[in-house]
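# Reading the structure
Chain by chain, the residues run as shown.
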Amino acid sequence: MSDRRISRRKLLGAAAAVPAAVGLSSLASRGGLGGAPARADSAKGSSNGHAGHDFAHATFAPGRGVDHRANGFEPTELLRDFDYGKTRRLASGRLLREWEIVAQDREIEVAPGVKYEAWTYNGRVPGPTLRAREGDKLRIRFVNGSEHPHTIHFHGIHPALMDGMPGIGERQGGGQIEPGRGFTYEFDAMPFGVHLYHCHVAPLATHIARGLYGAFVVDPKGGRPEADEMVMVMNGFDTNFDLSNEVYAVNTVGFHYVNDPIEVRRDELVRIYLVNALEFDPVNSFHVHANFFQFYPTGTSPQPSEYTDTVIQGQAQRAILEMKFPFDGDYMFHGHISEFAELGWTGFFRVGNSSSLAPAAAAAAYCKLPWGGNGGAA
Ligand SMILES: [Cu+2]
């Protein structure tokens, strides 16, 4: 067992056993929360970082949430935000889709008061969900506006020069893209399925963990049945740069979908494009309560491989999940690695006009955040 594992276990233990502000300052002394000044005020007066039964008290991060406007993106909007690019029909009859993606260094807030010096595609984490149809011609203009070298490495099938790999294609202007430089990736959309893209510059774990990844969806030629579609990129944030994560989430903000449950309609097909972009931990998982889903690994087959309620994914594994909710109510979904769930990877679906969920209670029941917050639930 490495030291860094121990240090995070200590943090988790500390959050449950000592005043939250102490836990926070020990975090800060390890290098700070992403370089931002440590902010203990959200935990002020809390006698216990866990605070499971104190959710109604003013001591429990009252009204404190993530500043989505400052972040420049909002996880609920991001959920159903598919970017089809600028399209035009080529003389050959094929459809051309074009995007511009700019790498930018940007501070984002990943839990209330917890800032992180992210590296982003187009200012957001995850980057835009690029979506095409099998056989389309794709052209992605990449501009590196970051202070660090980057690439875009797409999963899919394409020529070596288009692979976003340092050391391959520098003489043709590709390979590793230095700050201020750019490159245009061009390839065909194949195979259909749910894929991802990410930076491939070393140290790879750092470049990915900083936020340089996004989902890449290729629809089959005949499309898929009508559904309420959404993208969930499972991720985490190493806010003190000790090579283990302090915050876990879907679409970046810990506990976001507790505070703002995902609204879906009863009996309507819900299709989730699930991508695991987590660094530092070998596996992640997705579990939904009180329901089962059809599981299509990588989305490359029209036939599901399993009917289940829990899936495990290694890094870069992805899948399509399809389900219907037959009953109104609030239904939890979370990483079934309990520690991840307690550190932010927990959310809810809201079916119908349910109001059975008390977000603060739900978050408090789970909360073991090292800084003693509750994910912003007031
Ligand atoms: Cu990079």
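Please refer to the structure placed before this passage.
Residues numbered from 1 in each chain as written. Predicted model: local features only at pLDDT ≥ 70, side-chain atom pairs only at ≥ 80, totals over all residues. Heavy atoms only, no water.

What follows concerns the overall build of the protein. Secondary structure summary: the protein contains eight helices and 21 strands in total. In the protein, which comprises 378 residues, the share counted as buried stands at 56%. A fraction of 72% describes how many contacts in the protein between residues 6 or more apart in sequence connect residues 24 or more apart. Accessible area of the protein: about 14900 Å², with a carbon and sulfur share of 52%. (Helix = DSSP H or I, 4+ residues; strand = E, 2+ residues; numbered from the N terminus. Buried < 20%, exposed > 50% of the residue type's maximum accessible area, 1.4 Å probe, protein only. Contact = heavy atoms within 4.5 Å. Areas by Shrake-Rupley, 256 points an atom, 1.4 Å probe, with all protein chains shown as cover.)

Donor atoms from the polypeptide that bind the copper ion are His150 (ND1), Cys199 (SG) and His207 (ND1), placed at 1.9 to 2.0 Å. The sequence pattern describing where the donors of the copper ion fall on their chain is H-x48-C-x7-H. One end of the pair, His150, is in the loop between strand E6 (137–144) and strand E7 (153–154); the other, His207, is in helix H5 (residues 204–209), and 57 residues separate them in sequence. The residues His150 and His207 share a single accessibility class, namely buried. (Donors = N, O, S within 2.8 Å, 3.2 Å for Na, K, Ca; no water.)

Of all five residues in strand E5 (residues 129–133), four are buried, a share of seventy percent or more. In the sheet, strand E1 (residues 82–83) pairs with E5 via two bridges, with the strands oriented parallel. Bridge pairing in E5 links Phe82 to Thr129. Judged from the four bridges that link them, E5 and strand E10 (residues 213–219) form a sheet pairing that is parallel. Note that in E10 the partner of Ala132 across the bridge is Val218. (Pairing = 2+ DSSP bridges.)

What follows covers the pattern of salt bridges. A full pass over the atoms with the stated rule returns 16 salt bridges. With its nearest N and O atoms 2.8 Å apart, the salt bridge here joins Arg80 to Asp228. Within this pair, whereas Arg80 is found in the loop between helix H4 (75–79) and E1, its partner Asp228 is found in strand E11 (residues 228–237), the two being separated by 148 residues in sequence. Its relative accessible area of 12% is what places Asp228 among the buried residues. Ionic pairing is found between Glu98 and Arg88, a salt bridge with its closest N-O pair at 3.9 Å. Of this pair, Glu98 sits in strand E3 (residues 95–111) while Arg88 sits in strand E2 (residues 86–89), and the two are ten residues apart along the sequence. Note on Glu98: relative accessible area 24%, which makes it partly exposed. Among the residues examined, Arg88 registers a relative accessible area of 43% and is labelled partly exposed. Ionic contacts of the salt-bridge type, sharing partners, join the residues Arg88, Glu98, Lys137, Arg139 and Glu186 into one network. (Salt bridge = Lys/Arg side-chain N within 4 Å of Asp/Glu carboxyl O.)

The subject of this paragraph is the nonpolar core. If you look at the biggest cluster of nonpolar residues, it comprises 29 residues, and the most contacted ones within it are Met232, Ile272, Phe286 and Phe349. Discounting chain neighbours no more than four positions away, the residues touching Phe286 are Met232, Met234, Ile272, Leu274, Phe293, Asp309, Thr310, Val311, Leu321, Phe333, His334 and Trp345. Formed by 26 residues, the second largest nonpolar core is a distinct cluster that contains Leu78, Ala111, Tyr273 and Ala316. (Core = buried A, V, L, I, M, F, W, Y, C linked by side-chain atoms within 4.5 Å.)

Taking the relative accessible area as the measure of exposure, His207 reaches 4% and is therefore buried. At 3.0 Å, the side chain of His207 and the side chain of His150 are in polar contact. (Polar contact = N/O pair within 3.5 Å; in protein donor to acceptor, adjacent residues only side chain to side chain.)

What follows deals with the environment of Pro225. Among the secondary structure elements, Pro225 is positioned in the loop between E10 and E11. Given a relative accessible area of 57%, Pro225 falls into the exposed group. For the pair Pro225 and Leu269, spaced 44 residues apart in sequence, the C-alpha separation works out to 8.8 Å.

By the definition in use, this model includes one cavity of 30 Å³ or more. Lining of the largest cavity is provided by Ala249, Val250, Val253, Phe255, His256, Tyr257, Phe333, Gly344, Trp345, Thr346 and Gly347. Split by residue class, the lining of the largest cavity holds seven nonpolar, four polar and no charged. (1 Å grid on protein atoms, 1.4 Å probe; cavity = no way out; pocket = protein on both sides within 12 Å on 5 of 7 lines; lining within 4 Å. Points joined across faces, edges and corners; volume = space filled by probe spheres on them. Nonpolar A, V, L, I, M, F, W, Y, C, P; charged D, E, K, R; others polar.)

This brings us to the side chain of Arg271. Looking at the element boundaries, Arg271 is found in strand E14 (residues 270–276). Within polar-contact distance, the side chain of Arg271 engages the backbone oxygen of Pro225 at 2.8 Å. Only 2.6 Å separates the side chain of Arg271 from the side chain of Glu229, close enough to count as a polar contact. Discounting residues that sit within four places of it in the chain, Arg271 has contacts with Arg224, Pro225, Ala227, Asp228, Glu229, Met230, Ile320, Leu321 and Glu322.

For the rest of this paragraph, the subject is the sheet that holds E11. Ordered by their spatial adjacency, six strands build an open sheet running E12-E11-E14-E19-E16-E17, and the pairing between neighbours is mixed. Two strands bound the open sheet, and with one partner strand each, they are strand E12 (247–250) and strand E17 (306–308). Within the sheet, the average angular offset between the axes of one strand and its neighbour, ignoring direction, is 25°. Bridging between strand E16 (residues 293–297) and strand E19 (residues 318–323) involves four bridges; their strand directions are antiparallel. Within the sheet, the bridge partner assigned to Phe295 lies in E19 and is Leu321. (Axes fitted to C-alpha atoms, helices over the stretch in contact; angles between N-to-C directions.)

In short, geometric facts, not functional conclusions.
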